[in-house]
Amino acid sequence: MKRYLATILFATTALACAGQAARADMLDDITKAGKIRIATDLAIPPSGMIDSAMKPTGSDVETAELLAKDWGLQLEFVQTTGATRIPNVQTNKADIIISTLSVTPDRAKVIDFSKPYAALQSVVGCLKSVDAKNWSDLKDKTIAVSRGTTQDTTLTNMKERDLKLARYEDDATMVTAAVSGQADCIATSATIVSQIGVKAPSRPFEPKVTITNFDLAIGVKKGEPKLLEKLNVWIEQNLKNGKLNAIYKKFHGTDLPENMRG
């Protein structure tokens, strides 16, 4: 009987080990393919956008390009929106996410995060002519948000504020609403708020109320420790050598927070 149980235990252990060995490791797959697929929203300037030559550009785009170059890989952008970033890695449509992805406890339940590579100030911005200095001033205003973003989640959960939200499918359509006069207030990053006046000088927006400050990190599917470790080493190196700060400053006009810089 003991010999029979031992045989069963050995067989079970062998099957478990075989299953683990058969399981694909994403870093190994990326290395073998010689290509990395990165989910990036190309409709959120200046982090991701398409230039006049119809080529991707922006701070997240150049961060992705630097990563691929440093790792000696071909880069494939997987175009995404705020709502589809995480599903893209969960369903293996993308290997990682570099797309203004802020670190939150809810997101950390479904994906893993690298160390922060950039930062984001989240605000409610309105037309300069709108008199709003605090949350009570925004109570009767309609605030446009991009569906599935941190701003959408945060403001939706602020039930005590009784805020009125208008949801748009992505940041590009939300900005278009602001530029065209459909929205006088939007909840997004301070950088995007400043872009509205560039697109429509007659409708300059400015930050009115700070929602919060977020660390931005690279998103990775759960259970990929080797890939996550390599990403963290790469981020540390490029914060220390100043390359990530240079990319951020080029597109956002300011340095990364001092505590992030090497």
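Below or above, wherever it landed, is the structure these notes cover. What you see is a predicted model; the values in this text were computed from it and never measured.

What counts and what doesn't
Residues numbered from 1 in each chain as written. Predicted model: local features only at pLDDT ≥ 70, side-chain atom pairs only at ≥ 80, totals over all residues. Heavy atoms only, no water. Core = buried A, V, L, I, M, F, W, Y, C linked by side-chain atoms within 4.5 Å. Buried < 20%, exposed > 50% of the residue type's maximum accessible area, 1.4 Å probe, protein only. Helix = DSSP H or I, 4+ residues; strand = E, 2+ residues; numbered from the N terminus. Contact = heavy atoms within 4.5 Å. Pairing = 2+ DSSP bridges. Axes fitted to C-alpha atoms, helices over the stretch in contact; angles between N-to-C directions. Disulfide = S-S within 2.5 Å. Parallel < 35°, antiparallel > 145°, perpendicular 65-115°, else oblique. Left-handed = near helix turned anticlockwise from the far one by under 90°.

Turning next to the nonpolar core. One finds Val124, Trp135, Leu138, Ile143, Leu155 and Ile186 to be the most contacted residues of the largest nonpolar core, which totals 31 residues. For this core, the secondary structure elements donating two or more residues are strand 7 (118–127), strand 8 (142–146), helix 7 (171–180), strand 10 (185–189), helix 8 (190–199) and strand 11 (205–216). Once residues within four sequence positions are removed from consideration, Trp135 is found in contact with Val124, Leu155, Met158, Arg161, Leu163, Val209, Thr210 and Ile211. Core analysis: the next-biggest nonpolar cluster, separate from the first, contains 30 residues, Leu73, Ile98, Leu227 and Tyr248 among them.

Pairing within the open sheet is mixed, and its five strands lie in the order 4-1-5-12-6. Edge positions in the open sheet fall to strand 4 (74–79) and strand 6 (111–113), since each of these has one partner strand only. Taken together, the three bridges between strand 6 and strand 12 (residues 219–221) define a ladder with antiparallel strand orientation. Its bridge partner being in strand 12, Ile111 is matched across the sheet by Lys221. In this fold helix 3 (residues 59–71) packs onto strand 1 (35–40), strand 4 and strand 5 (96–97), with an angle of close to 165° to the strand it touches most, strand 1. Where helix 9 (residues 225–240) meets the sheet, it contacts strand 5, strand 6 and strand 12, and its direction lies at approximately 165° from that of strand 12.

Turning our eyes to something else, we now look at the state of the cysteines. Tallying each qualifying case throughout the model produces one disulfide. The residue that forms a disulfide with Cys126 is Cys185, at a sulfur-sulfur distance of 2.2 Å. Because the torsion about its S-S bond is 110°, the bridge between Cys126 and Cys185 counts as right-handed. One end of the pair, Cys126, is in strand 7; the other, Cys185, is in strand 10, and 59 residues separate them in sequence. A residue is classified by how much of its surface remains accessible, and Cys126, at 0% relative accessible area, is buried.

Before going further, it helps to spend a moment on the packing of helix 3 against helix 10 (residues 243–252). Two elements in contact, helix 3 and helix 10, have axes separated by 9 Å at closest approach and are oriented at 155°. One element, helix 3, and the other, helix 10, form an angle in the roughly antiparallel class. In this structure, the crossing between helix 3 and helix 10 has a hand that is right-handed. Residues Ser59, Glu62, Thr63 and Leu66 of helix 3 form the contact with helix 10, whose own contacting residues are Lys243, Leu244, Ile247, Lys250, Phe251 and His252.

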